Amino acid sequence: MKVNGIERPLDVDGDTPVLWALRDVLGMTGTKFGCGMGLCGACTIHVDGAPTRACLTTVESVGKANVSTIESLAATRVGRALQKAWLDLDVVQCGYCQSGQLMSATALLSKNTTPSDEEIDAAMSGNVCRCGTYVRIRTGIKEAARALSGKAVA
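Residues numbered from 1 in each chain as written. Predicted model: local features only at pLDDT ≥ 70, side-chain atom pairs only at ≥ 80, totals over all residues. Heavy atoms only, no water.

Describing the packing of aromatic side chains
Line of reasoning, step 1. Across all of its chains, the model carries 1 aromatic pair by this definition.
Line of reasoning, step 2. Between Trp20 and Phe33 the ring centres are 5.4 Å apart and the planes differ by 35 degrees, which places this aromatic pair in the tilted class. With Trp20 in helix H1 (residues 18-25) and Phe33 in the loop between H1 and strand S3 (44-47), this pair connects stretches of sequence that are 13 residues apart.
Line of reasoning, step 3. Trp20 gets classed as partly exposed once you look at its relative accessible area, which sits at 31%. (Phe/Tyr/Trp six-rings, centres within 6.5 Å; stacked < 30°, edge-to-face > 60°. Helix = DSSP H or I, 4+ residues; strand = E, 2+ residues; numbered from the N terminus. Buried < 20%, exposed > 50% of the residue type's maximum accessible area, 1.4 Å probe, protein only.)

Dropping the structure here:
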């Protein structure tokens, strides 16, 4: 499986969820297990840039696509802007959901550096934060968007 741009050999059944291949086989524990049903977003990764639930996605279904994880976030301009905003604004409370939150936010800002509140809400709607930091998450996305575009964000 190609992970963060590097081919990684895996000796797992094709129906193994990518989440467990990442965590248990490759030792990449940044992607979190949340609900196991694709409902909470804690396990969000990118498959060829699209936010994807790793708990529901099988190794076989990924094929030759590139899987990007939270471990690769700092390698991108958007990822660095989001990480800086998260730190500057103290977005995180417990932090458990944040890798999934950041991966969904990265997918959004990679396509749209000036999202409206409605676009942010739509992109982030599948990510649950049990601590309720939704306002801080939206503010962090808007701050990163400002840094990326140099424009005021609504």
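The structure having been displayed, the exposition proceeds.
Let's talk about a negative patch on the surface
Line of reasoning, step 1. Residues Asp11, Asp13, Asp15 and Glu60 make up a contiguous surface patch of negative charge.
Line of reasoning, step 2. By secondary structure assignment, the location of Asp15 is in the loop between strand S2 (6-7) and H1.
Line of reasoning, step 3. Judged by relative accessible area, Asp15 falls into the exposed class, the value being 57%. (Patch = residues over 30% accessible without salt bridge, like charges linked within 9 Å, V, L, I, M, F, W, Y side chains within 5 Å. Areas by Shrake-Rupley, 256 points an atom, 1.4 Å probe, with all protein chains shown as cover. Salt bridge = Lys/Arg side-chain N within 4 Å of Asp/Glu carboxyl O. Lys, Arg positive; Asp, Glu negative; His and termini not counted. Charge placed at Lys NZ, Arg CZ, Asp CG, Glu CD.)

Quick notes on H1
Line of reasoning, step 1. The complete set of buried residues in H1 reads Val18, Leu19, Ala21 and Leu22.
Line of reasoning, step 2. Taken together, the buried residues of H1 touch strand S1 (2-3), S3, helix H2 (59-62) and strand S5 (66-68).
Line of reasoning, step 3. Phi turns positive one or two residues past the end of H1, at Gly27, with a value near 70 degrees. (Contact = heavy atoms within 4.5 Å.)

Comments concerning the sheet that holds S1
Line of reasoning, step 1. Ordered by their spatial adjacency, 5 strands build an open sheet running S2-S1-S5-S3-S4, and the pairing between neighbours is mixed. A strand with exactly one partner marks an edge of an open sheet, and here the two such strands are S2 and strand S4 (50-53).
Line of reasoning, step 2. Sheet analysis places S1 next to S5, joined by 2 bridges and oriented parallel. Across the sheet, Val3 pairs through a bridge with Val67, a residue of S5.
Line of reasoning, step 3. Across the sheet, helix H4 (residues 98-111) is in contact with S3, S4 and S5; its angle to S3 comes to roughly 35 degrees. (Pairing = 2+ DSSP bridges. Axes fitted to C-alpha atoms, helices over the stretch in contact; angles between N-to-C directions.)

Section: the pairing of S3
Line of reasoning, step 1. Taking every second residue as pointing to the same face, both faces of S3 are buried, with Thr44 and His46 on one and Ile45 and Val47 on the other.
Line of reasoning, step 2. Pairing analysis gives 4 bridges linking S3 to S4, with the strands arranged antiparallel. By the bridge assignment for S4, His46 is matched with Pro51.
Line of reasoning, step 3. Two strands pair when backbone bridges link them, and S3 and S5 are joined in this way by 2 bridges, in the antiparallel orientation. Considered in S5, the bridge of His46 is made with Ser68.

Things to note about the packing of H4 against helix H6 (residues 134-149)
Line of reasoning, step 1. Relative to each other, H4 and H6 sit at 40 degrees, their axes nearing to 11 Å. Judged on the interaxial angle alone, H6 and H4 are oblique. For the element pair H4 and H6, the recorded crossing hand is right-handed. Residues Gln98, Gln101, Ala105, Leu108 and Leu109 of H4 touch H6, and the partners they reach there are Ile137, Ile141, Ala144, Ala145 and Leu148. (Parallel < 35°, antiparallel > 145°, perpendicular 65-115°, else oblique. Left-handed = near helix turned anticlockwise from the far one by under 90°.)

Describing the packing of H4 against helix H5 (residues 117-124)
Line of reasoning, step 1. It is at 9 Å that the axes of H4 and H5 come closest, and there the two elements cross at 130 degrees. Taken together, H4 and H5 sit at an angle that is classed as oblique. Remark: the crossing between H4 and H5 carries right-handed chirality. Contacts from Gln101, Ser104, Ala105 and Leu108 in H4 reach Glu119, Ile120, Ala123 and Met124 in H5.
Line of reasoning, step 2. Classifying every residue of the contact of H4 with H5 by side-chain character gives 5 nonpolar, 2 polar and 1 charged. (Nonpolar A, V, L, I, M, F, W, Y, C, P; charged D, E, K, R; others polar.)

A word on unusual backbone geometry
Line of reasoning, step 1. Positive phi, close to 50 degrees, is recorded for Asn4, a residue that is not glycine.
Line of reasoning, step 2. As for its placement among the helices and strands, Asn4 is situated in the loop between S1 and S2.
Line of reasoning, step 3. The partly exposed category is assigned to Asn4, whose relative accessible area is 22%.
Line of reasoning, step 4. The backbone of Asp90 sits at a positive phi, close to 50 degrees, despite the residue not being glycine.
Line of reasoning, step 5. Its place among the elements puts Asp90 in the loop between helix H3 (77-88) and H4.

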